[in-house]
Amino acid sequence: MEQVQDETKEKDSNLPVAISSKTNHDDNSIATLPTREGWSTPLTLYNNCWLRSHMVAKFMRVKENFKPRHDDVILATHPKSGTTWLKALAFAIVNRSSYEFDDADHHPLLTQNPQTLVPFIGAQGGNLEYLETLPSPRLLATHLPLSLLPSTITTLGCRIVYLCREPKDAFISRWHFDNKITQGVKIDLDTAFTMFFEGCSPFGPFWDHYLQYWKESLQRPREVLFLRYEEIVFDPLKVVRDLAGFIGVPFTEEEEKSGVDQEVVRLCGFKALSNLDINRNGGTERAEGKIFIGYSALFRQGKTGDWVNHMSKEMGEKLDRLVEDKFKGSGLKF
Ligand code: A3P
């Protein structure tokens, strides 16, 4: 999902204005940017990245006005790669001593959608003024490519956990999701495929997104952890342990013996989360009512390889060739 958070307005109105809420760019400059229709909301191309048009002004501010801190942990994901899952896992790991896992009244993951528990930088639930008020260390999220984030994010020592997904599955997940959230015309598979193939999908081109973080993870492996959805599906316990170590809060021997790490995996599993009342029945409206994100749309199947049930073999091969070409020489393979 792109940016879900319910209580943004409330938080906005209660805050002192630490940073001007005006953008540095007037609406006229946005109006001249290329825009395309097709997905559930129009997309606008800003600095080589297709952003949902209604979010462009907010995202333009991030590079200059978001103030990273050296101890920030940033979950950077390409959408539809398991952002909801990663947010849940990281939140459960970081807060594991504050809540009992089976205490329905108190563990926030049992009563809130994971997307609302980790704010998106500069978007709903994570406006920049609000982020300034959060105590350190902050757990934050973004779908923005590295190129649209402040450069200090790579020099201050912040830790970035990047998550992406096998592109054919990411595309199918995107297509289903957009058609679930739209309040208007649905996009057919062929049109969606053409746009995705051309790089025109939310936060696309996907290959630039993957590559920016991939290269950064090669240069600074201690500060950028590059993950794929498939490896969490394959061995969630290993990823949870690695993630805790990377974030700087490794599980103790005692915790592993008593199964705290396994509890994190269970609590954040597809079945557990998707069956909760909040995730079955909750949701939030966006883009002035053009989209409604029912939280259930964030939990479709949670499997790998579903693309074969929707795309032709030819489409699959065409996307594979593109991926091979775009990632050639980088060492990144799917
Ligand atoms: P599918 O559409 O293939 O089922 P994002 O959170 O980035 O929007 O990604 C959504 C994808 O992650 C969806 O994939 C969704 O089902 C899957 N997902 C969400 N929560 C999950 C979980 N706890 N375990 C596994 N997959 C999950």
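This text goes with the structure placed above it.
One structure accompanies this document, and this report is about it. (Residues numbered from 1 in each chain as written. Predicted model: local features only at pLDDT ≥ 70, side-chain atom pairs only at ≥ 80, totals over all residues. Heavy atoms only, no water.)

Remarks on the sheet that holds strand β3 (residues 49-52)
Taking strand neighbours across the sheet as the criterion, the three strands line up as β1-β2-β3 in an open arrangement whose pairing is antiparallel. The outermost strands of the open sheet, each flanked by one partner alone, are β1 (35-36) and β3. Here β1 pairs with strand β2 (residues 43-46) via two bridges, running antiparallel. Looking across to β2, one finds that Thr35 is bridged to Thr44. (Pairing = 2+ DSSP bridges. Helix = DSSP H or I, 4+ residues; strand = E, 2+ residues; numbered from the N terminus.)

Considerations on the pattern of salt bridges
Close approach of charged atoms lets side chains of opposite charge pair. Under the criterion given, the structure shown has 16 salt bridges. For Glu256, the salt bridge identified is with Arg241, shortest N-O distance 3.7 Å. Placement of the pair is Glu256 in helix α13 (residues 253-257) and Arg241 in helix α12 (residues 236-247), with a sequence separation of 15 residues. By relative accessible area, Glu256 is classed as partly exposed at 30%. The closest approach of N and O atoms between Asp306 and Arg300, which form a salt bridge, is 2.9 Å. Each of the salt bridges in this network shares a partner with another, and the network as a whole consists of Arg52, Arg174 and Asp178. (Salt bridge = Lys/Arg side-chain N within 4 Å of Asp/Glu carboxyl O. Buried < 20%, exposed > 50% of the residue type's maximum accessible area, 1.4 Å probe, protein only.)

Quick look at the packing of aromatic side chains
Scanning the entire structure with this criterion turns up 15 aromatic pairs. Between Trp85 and Tyr229, the aromatic rings sit 5.5 Å apart at their centres with planes inclined by 70°, giving edge-to-face as the arrangement. Here the residue Trp85 occupies a position in helix α4 (residues 83-94), and Tyr229 occupies one in helix α11 (residues 229-234), the gap between them amounting to 144 residues. A residue is classified by how much of its surface remains accessible, and Tyr229, at 6% relative accessible area, is buried. Centroid distance Tyr210 to Phe327: 6.0 Å. Interplanar angle 25°. Geometry classified as stacked. Residue Tyr210 is found in helix α10 (residues 206-219), and its partner Phe327 is found in helix α17 (residues 313-327); the two are separated by 117 residues along the sequence. Of the two residues examined, Tyr210 and Phe327, each falls in the buried class. One residue, Lys87, lies across the ring of Phe120, its end atom 3.5 Å from the ring centre. (Phe/Tyr/Trp six-rings, centres within 6.5 Å; stacked < 30°, edge-to-face > 60°. Lys NZ or Arg CZ within 6 Å of the ring centre and 35° of its normal.)

Considerations on the sheet that holds strand β6 (residues 159-164)
Taken in spatial order, the four strands of this open sheet run β5-β4-β6-β7, and their pairing is parallel. For this open sheet the edge positions go to β5 (139-142) and β7 (224-228), each flanked by a neighbour on one side alone. Averaged over all pairs of adjacent strands, the angle between strand axes in this sheet comes to 20°, irrespective of strand direction. As paired strands, strand β4 (residues 73-77) and β6 are joined by five bridges and run parallel to one another. Residue pairing in the sheet places Ile74 in a bridge with Ile160 of β6. In the packing of α10 onto the sheet, contacts are made with β4, β5, β6 and β7, and the angle to β7 comes to roughly 135°. (Axes fitted to C-alpha atoms, helices over the stretch in contact; angles between N-to-C directions. Contact = heavy atoms within 4.5 Å.)

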